[in-house]
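Here is what each chain is made of, one letter per residue.
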Amino acid sequence: MMKINSLILGIGETGVRAVNRIKSDLPDFHTATLSDENSAKISLAESVLTSKYEFADSQKFFPTPNTAVFVLVDVANIFDVSLACEIGAVTDRRGAFAVAVAFVPSSLSPCFDDSVHALGELHDNFSGVIRFNEGYVSDFFDETEIFFKTLSRSMSASASIRLDGFAALKQVLTSDNDIYFAAYCGSERMDSHVFNSKCLCMRLCAQMCLDTANLITYFFACGGDLNKRIIDMFRSPVEKISLGYLSDRKTYISDRDDDLSGGDFVFAVICAE
């Protein structure tokens, strides 16, 4: 479904586990892992690396400059962050687009302050840093899977309003500040959509100043016909909080998606201050 060259690269044990989770459901992405030999033994990625030089010296990861490289890393592990930054720097030198997908420990964790500093290092080496905070996501691996599925669906040739091409993807995922992702998966036959839409909005508000966001993008996918009522219901809480000075917010829509059954839908938001 993805219409651009793309690579998901997992760093360390967390990165290996994340790639293993998403690989079977996301065949559109090429996958690789970079870890020690113990974690490498369980990797299901197409390319299993144990040295950063294997990535830096390889041409196969960059078939064209218009390649997106997503690097998954647990920022509580400073060694993994250092490797991720080197991968980001190599990707940038190749003229490709580097995005970090970072798992951040709880603010109650003793390593939280170091993790915040590590996020700053990622920003120095990546065009965008997508931040998943422990406690605000049910599971980092589930959440990354939903995130990549959302991007893939939005770039499908069958999408009615498509995230069309490399330049559009860069616009959505480029930010000097942390980028947040939130999604709700449900069924049109369920009640309490108003409640769930407000909860999704509150989840974002608890992590960032949504009223000063300079990047907000919506994504909607469903297994049946387009349901504008549900889209409006889930957009509305975000729009009421935001200052509303942005004129170029977009909603990418993939209706009649083969991956979803008739009444199922997914609404997602990508945003940054």
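What comes next concerns the included structure. Fair warning: this is a prediction, and the values are worked out from it, not measured in the lab.

**Concerning empty space enclosed by the protein**
- On inspection of all chains with the given rule, the structure shows two cavities of 30 Å³ or more.
- Space inside the largest cavity adds up to approximately 70 Å³.
- Lining the largest cavity are Thr 150, Arg 153, Ser 154, Phe 219, Phe 220, Ala 221, Tyr 252, Ser 254, Val 266 and Ala 268.
- Those elements giving two or more residues to the lining of the largest cavity turn out to be α6 (140–154), β8 (215–222), β9 (250–254) and β10 (264–272).

**Describing unusual backbone geometry**
- The backbone of Ser 192 shows a phi angle near 65 degrees, a positive value even though the residue is not glycine.
- Here Ser 192 lies in the loop between β7 (179–187) and α8 (193–205).
- Relative accessible area serves as the criterion here: at 42%, Ser 192 is assigned to the partly exposed category.
- Positive phi, normally seen in glycine, also occurs at Arg 256, with a value near 50 degrees.

**A look at the packing of α8 against helix α9 (residues 228–241)**
- Here α8 crosses α9 at 40 degrees, and the two axes come no closer than 9 Å. In terms of orientation, α8 and α9 fall into the oblique class. Remark: the crossing between α8 and α9 carries right-handed chirality. Residues His 193, Val 194, Asn 196, Ser 197, Lys 198, Cys 201 and Cys 205 of α8 touch α9, and the partners they reach there are Ile 230, Met 233, Phe 234, Pro 237, Val 238 and Ile 241.
- Taken together, the residues that form the contact of α8 with α9 break down as nine nonpolar, three polar and one charged.

Cut-offs applied
Once a new chain begins, its residue numbering starts again from 1 and follows that chain's sequence as written. Restriction of local features to residues with pLDDT of at least 70 applies here, the model being predicted, together with a cutoff of 80 or more for giving and counting side-chain atom pairs; totals for whole chains, interfaces and linings are based on all residues. Side-chain measures here rest on the full set of heavy atoms in the structure, leaving out hydrogens and waters. Any residue with an atom within 4 Å of a point lines the site, the site being either a cavity, points on a 1 Å grid over the protein atoms alone where a 1.4 Å probe fits but cannot get out, or a pocket, an open set with protein on both sides within 12 Å along at least 5 of 7 lines. Grid points are joined across faces, edges and corners, and a volume is the space filled by probe spheres set on the points. Think of it this way: any DSSP run of H or I at least four residues long counts as a helix, any run of E at least two long counts as a strand, and we number them from the N terminus. A 1.4 Å probe rolled over the protein chains alone gives each residue an accessible area, and that area as a share of the maximum for its type sets the label: buried under 20%, exposed over 50%, partly exposed in between. In this analysis an axis means a line fitted to C-alpha atoms, helices contributing only their contacting stretch, and an angle means the value between N-to-C directions, from 0 to 180 degrees. Angles are sorted into four bins: roughly parallel if under 35 degrees, roughly antiparallel if over 145, roughly perpendicular if 65 to 115, and oblique for all others. By the definition used in this description, the sense in which the near helix is turned from the far one sets the handedness, with an anticlockwise turn below a right angle giving left-handed and a clockwise turn giving right-handed. Two residues form a contact once any of their heavy atoms are found within 4.5 Å. Just so you know the grouping, Ala, Val, Leu, Ile, Met, Phe, Trp, Tyr, Cys and Pro go in nonpolar, Asp, Glu, Lys and Arg go in charged, and all remaining residues, Gly too, go in polar.

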